[in-house]
Amino acid sequence: MRVIIEKDYDLMSKRAAKIISAQIREKPDSVLGLVSGSTPIGTYKELIRMHIEEGLDFSRVTTFNLDEYYPIPSTHPQSYHYYMQKEFFKHININPDHIHIPNGLVKDIEAFCRWYEEAIKKAGGIDLQLLGIGRDGHIGFNEPGSSLGSRTRIKTIDAATIKDNARFFKKKEGIPKFAITMGVGTIMDAKCCLLLASGSDKSKVLTKAIEGPITAQVTASILQMHKDLLVIADEKASRDLKNKEYYQHIEKLTRELKTLIIDEKGSR
Ligand code: GLP
């Protein structure tokens, strides 16, 4: 696990976008796992800028989103389909056939979830999964108590999460109580996970997730077992981390190490 602490939301977003763009440049047909919510908006903005100003090419990239409300039409302004188009896809050169987001109106949910898992496998698995964290420690919509081995399925959304997400809906009655989400096991299969956390609202739960015990009550805590986890938090979200100074020390030394590493030609 590597923990990077950036001063503010803007720097956190830029750092995340830099990592995602490096992944795409190294493997132009990368499979990205994407997330919605307010946290990744700055990252998407920076990736859009890189596409426009630096020619970052998404034409061969495939994406799988973590989740979608159920039931909800993709045209609903609060659907994750709508969000992804508005915040990201319509601004880049991604092939629409390469975009996958759970269908919020599908009738045979079980068959759809099986298909989603298969589609991820067929694409070669997720190279990099971008994640946010809910205030109760959820990733995707894997609410407290979700099996840490779960796969894509329909989940009931926790009352606290419904309350958190109410800010996006005009009418209280319109807030979906269900979602189709990748499971914790699905997320853990990604080759690399990139967890973002911003703001003081997330400081307690981030501490639980990365420094607390691994428990299904905080599903993000399983990420401690991931072979390649990168956490990027801003100052406010990292406020309660017990080992904050240690993470900063490691980051400083990692940067120092990079300047010392001698390549095969004998130069730095
Ligand atoms: C929703 C999504 C999660 C997301 C979380 C945090 O519940 N299902 O995938 O990480 O919200 O959202 P925000 O970034 O707005 O705090």
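Above: the structure in question.
Residues numbered from 1 in each chain as written. Predicted model: local features only at pLDDT ≥ 70, side-chain atom pairs only at ≥ 80, totals over all residues. Heavy atoms only, no water.

### A few points about the overall build of the protein
We apply this condition: Runs of H or I in DSSP of at least four residues are treated as helices and runs of E of at least two as strands, each being numbered from the N terminus. Taken over C-alpha atoms, the radius of gyration is set against a globule rule of 2.2 Å times the number of residues to the power 0.38. Relative accessibility under 20% of the residue-type maximum defines a buried residue, over 50% an exposed one, and the middle range a partly exposed one, all with a 1.4 Å probe and only protein chains included. Residues count as neighbours in contact if any of their non-hydrogen atoms are within 4.5 Å of one another. Calculation of accessible area relied on Shrake-Rupley with a 1.4 Å probe; when residues are assessed, cover is drawn exclusively from the protein chains displayed. Note on charges: Lys and Arg go in the positive column, Asp and Glu in the negative column, and His and the chain ends are not counted at all. Each charge is placed at NZ for Lys, CZ for Arg, CG for Asp and CD for Glu.
For the protein, the helix and strand inventory stands at eight helices and ten strands. Against the 2.2 N^0.38 benchmark of 18 Å for 268 residues, the protein shows a C-alpha radius of gyration of 18 Å, consistent with a compact globule. Considered along the principal axes of its C-alpha atoms, the protein spans approximately 60 × 40 × 30 Å. Put simply, the protein has 268 residues, and 53% of those count as buried. Residue pairs in contact within the protein that sit at least 24 positions apart in sequence constitute 79% of those at least 6 positions apart. Per element, the accessible surface of the protein, about 13400 Å² overall, is 54% carbon and sulfur. Looking at the protein, you have 40 positive and 35 negative side-chain charges, and the mean spots of the two groups are 3 Å apart.

### As for the side chain of threonine 62
The residue threonine 62 is located in strand S3 (residues 62–65) in this model. The exposure class of threonine 62 is buried, given its relative accessible area of 13%. Beyond its immediate chain neighbours, meaning those up to four positions away, threonine 62 contacts Ser30, Val31, Leu32, His98 and His100.

### A few points about helix H4 (residues 109–122)
Note the cut-off: Expected helix span is given by 1.5 Å per residue-to-residue step, counting one fewer step than there are residues. The directions from the helix axis to the C-beta atoms are what the arc is built from.
For H4, with 14 residues, the first-to-last C-alpha span of 20 Å sits near the 20 Å given by 1.5 Å per residue. All buried positions along H4 are accounted for by Ile109, Phe112, Cys113, Tyr116, Glu117, Ala119 and Ile120. Taken end-on, H4 shows its buried residues confined to a sector of 160 degrees, consistent with a single buried face. Looking at H4, the residues exposed on the side facing more than 90 degrees away from the buried face are Glu110, Arg114, Lys121 and Lys122.

### Considering the nonpolar core
Which entries qualify depends on this criterion: Take the buried Ala, Val, Leu, Ile, Met, Phe, Trp, Tyr and Cys residues and link them wherever side-chain atoms come within 4.5 Å; each set so joined is a nonpolar core.
By size, the foremost hydrophobic cluster in this structure holds 71 residues, and its most contacted members are Tyr44, Leu47, Phe58, Phe88, Phe89, Leu194 and Leu223. Other than its neighbours up to four places away in sequence, leucine 47 contacts Ala17, Ile20, Ser21, Leu56, Phe58 and Phe88.

### Details of the site of the ligand
Here is the rule we go by: The nearness test applies per residue and asks whether one of its heavy atoms lies within 4 Å of the molecule or strand. Only protein atoms enter the 1 Å grid, on which a cavity is a set of points fitting a 1.4 Å probe that cannot get out and a pocket is an open set with protein on both sides within 12 Å along at least 5 of 7 lines, lining residues being those with an atom within 4 Å of a point. Throughout, a molecule is located in a cavity or pocket provided that more than half of its atoms lie within 2 Å of its grid points. The residue classification treats Ala, Val, Leu, Ile, Met, Phe, Trp, Tyr, Cys and Pro as nonpolar and Asp, Glu, Lys and Arg as charged. All others, Gly included, are polar.
Neighbouring the ligand are 16 residues; Ser38, Thr39, Asp67, His138 and Lys202 lie closest to it. For the ligand, whose unbound accessible area comes to 390 Å², protein coverage reaches 94%. Judged by the proximity of its atoms to the pocket grid, the ligand belongs to the largest pocket. Split by residue class, the shell around the ligand holds five nonpolar, eight polar and three charged.

### Description of the environment of glycine 185
On the secondary structure map, glycine 185 appears in helix H6 (residues 184–188). A C-alpha to C-alpha distance of 15 Å links glycine 185 and aspartate 228, two positions 43 residues apart in sequence. Apart from residues lying up to four places away in sequence, glycine 185 is in contact with Leu148, Gly149, Ser150 and Arg151.

### Some points on the packing of helix H2 (residues 41–54) against helix H3 (residues 80–87)
Put simply, the test is: To obtain each axis, a line is fitted to C-alpha atoms, and for helices this fit is confined to the stretch in contact; angles are then taken between N-to-C directions over 0 to 180 degrees. Comment on the angle field: the value is read as roughly parallel under 35 degrees, roughly antiparallel over 145, roughly perpendicular from 65 to 115, and oblique elsewhere.
The contact between H2 and H3 brings their axes to 10 Å, and the two run at 40 degrees. When the axes of H2 and H3 are compared, the pair comes out oblique. Here H2 contributes Ile41, Tyr44 and Ile48 to the contact with H3, which in turn contributes Tyr83, Met84 and Glu87. In the contact of H2 with H3, the residues fall into five nonpolar, no polar and one charged.

### Side note on a nonpolar patch on the surface
Inclusion rule: Put simply, a patch holds well-exposed residues, over 30% relative accessible area, that have no salt bridge, with like charges counted together within 9 Å and Val, Leu, Ile, Met, Phe, Trp or Tyr side chains within 5 Å. By definition, a salt bridge exists where a carboxyl oxygen of Asp or Glu is found within 4 Å of a side-chain nitrogen of Lys or Arg.
Taken together, the side chains of Leu257, Leu260 and Ile261 define a hydrophobic patch exposed on the protein surface, amounting to about 290 Å² of accessible area. Along the polypeptide, leucine 260 turns up in helix H8 (residues 244–260).

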